[in-house]
Amino acid sequence: MKALITGASSGIGRDMARYLASMGWDLILVARREDRIKELKEELENVDVRCITTDVGRAEDCMALYEMVKDEKIDMLVNNAGFGLAGEFTKTDLDTELNMIDVNIRAVHILTKLFVRDFVKRDSGYILNVASSAGFMPGPLLSTYYASKNYVLRLSEAIYEELRHKGSRVKISVLCPGPVNTEFNQVAKVKFAVDGISSELCAKTAIDGALRGKLIIIPGAMMKAGLFFRRFAPEKLLLKLAYNFQRRKNER
């Protein structure tokens, strides 16, 4: 079995690679930071690991990545690359937000479409898209990030239903964690207002859920409960709560 993981240089992507390797999966590790994925390759001694250095934020690089690996039998695609940016919408940097849209949305869309076509032809394969609990909620002070994860969530759900309707054995899952202890908060320039779960636990929960064909994967009982009860709150109240929650994160 072989998996391709984007954003494999750190955090959840790195720990997914470690977990899959522990189960004997061969890996294609994709990231911008060549030194990081080469270090990870050296750590994973008992499986075949290939490193590809590229920037999935560029559409042409996504196409080139697919062309490089399309003739290999890849059993799982993990779209993990992504980042956030905190701040008021009127003040955050537009170029950074456009790059975020390219990484968080366009790359996921392109790679999912290209690989799912191949998976459908052979009637097997797993796609695991990494979204966030943010995909279920409004996101003042992290507006572009929240909106991007909503796209990933809803796209994955729609593809899931199309595959189910045609009786395909291809599985698509979407990971929607709450806070996870990774580099995300440093890049996004926020601090979590609640303790995050470990990246290792999140990765294991994600892979196990994807292999079982679970559609929405939410690690942690607290986050599952919070998302359940949010359905009963009016939208404007959710907006106020979300704003205050994000503001506290930014001020910590």
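As the structure is a computational prediction, the values presented were derived from the model and not from experiment.

**Digging into the packing of aromatic side chains**
Phase 1 of the analysis: If you walk through the whole model with that rule in mind, you get three aromatic pairs.
Phase 2 of the analysis: With centroids separated by 5.4 Å and ring planes inclined at 90°, the aromatic side chains of Y66 and F115 adopt a geometry described as edge-to-face. Remark: F115 occurs in helix α4 (residues 94–122) and Y66 occurs in helix α3 (residues 59–69); sequence separation between them is 49 residues. Accessibility assignment for this pair places Y66 and F115 in one class, buried.
Phase 3 of the analysis: Taken together, the aromatic side chains of Y66, F115 and F119 make up a single cluster linked through ring pairs.

**As for the sheet that holds strand β5 (residues 126–130)**
Phase 1 of the analysis: Overall, parallel pairing links the seven strands, which are arranged β3-β2-β1-β4-β5-β6-β9 in an open sheet. Each edge of the open sheet carries a strand with a single partner, namely β3 (49–53) and β9 (216–217).
Phase 2 of the analysis: Across five bridges, β5 lies against strand β6 (residues 171–175) in parallel orientation. Opposite Y126, over in β6, you have K171 as the bridge partner.

**A short note on unusual backbone geometry**
Phase 1 of the analysis: In the Ramachandran plot, D123 falls in the positive-phi region, its phi being about 60° despite a non-glycine side chain.
Phase 2 of the analysis: Residue placement: D123 occurs in the loop between α4 and β5.
Phase 3 of the analysis: With a phi angle near 75°, L141 is a residue other than glycine that sits in the positive phi range.
Phase 4 of the analysis: Residue position: L141 is located in the loop between β5 and α5 (143–165).

**Here we look at the side chain of D15**
Phase 1 of the analysis: Looking at the element boundaries, D15 is found in helix α1 (residues 11–22).
Phase 2 of the analysis: Within the local environment of D15, its side chain forms a polar contact with the side chain of R14, the two groups lying 3.3 Å apart.
Phase 3 of the analysis: For D15, the residues in contact, after removing those within four places along its chain, are S199, E200 and A203.

**Quick notes on the layout of surface pockets**
Phase 1 of the analysis: The computed volume of the second largest pocket comes to approximately 220 Å³.
Phase 2 of the analysis: Lining the second largest pocket we find H109, T112, K113, V116, R117, V120, L155, I159, E162, L163 and K166.
Phase 3 of the analysis: For the lining of the second largest pocket, the secondary structure elements donating two or more residues are α4 and α5.
Phase 4 of the analysis: Among the elements that take part in the lining of the second largest pocket, α4 stands out by supplying six residues, more than any other.
Phase 5 of the analysis: In the lining of the second largest pocket, the residues fall into five nonpolar, two polar and four charged.

Cut-offs and rules
Residues numbered from 1 in each chain as written. Predicted model: local features only at pLDDT ≥ 70, side-chain atom pairs only at ≥ 80, totals over all residues. Heavy atoms only, no water. Phe/Tyr/Trp six-rings, centres within 6.5 Å; stacked < 30°, edge-to-face > 60°. Helix = DSSP H or I, 4+ residues; strand = E, 2+ residues; numbered from the N terminus. Buried < 20%, exposed > 50% of the residue type's maximum accessible area, 1.4 Å probe, protein only. Pairing = 2+ DSSP bridges. Polar contact = N/O pair within 3.5 Å; in protein donor to acceptor, adjacent residues only side chain to side chain. Contact = heavy atoms within 4.5 Å. 1 Å grid on protein atoms, 1.4 Å probe; cavity = no way out; pocket = protein on both sides within 12 Å on 5 of 7 lines; lining within 4 Å. Points joined across faces, edges and corners; volume = space filled by probe spheres on them. Nonpolar A, V, L, I, M, F, W, Y, C, P; charged D, E, K, R; others polar.

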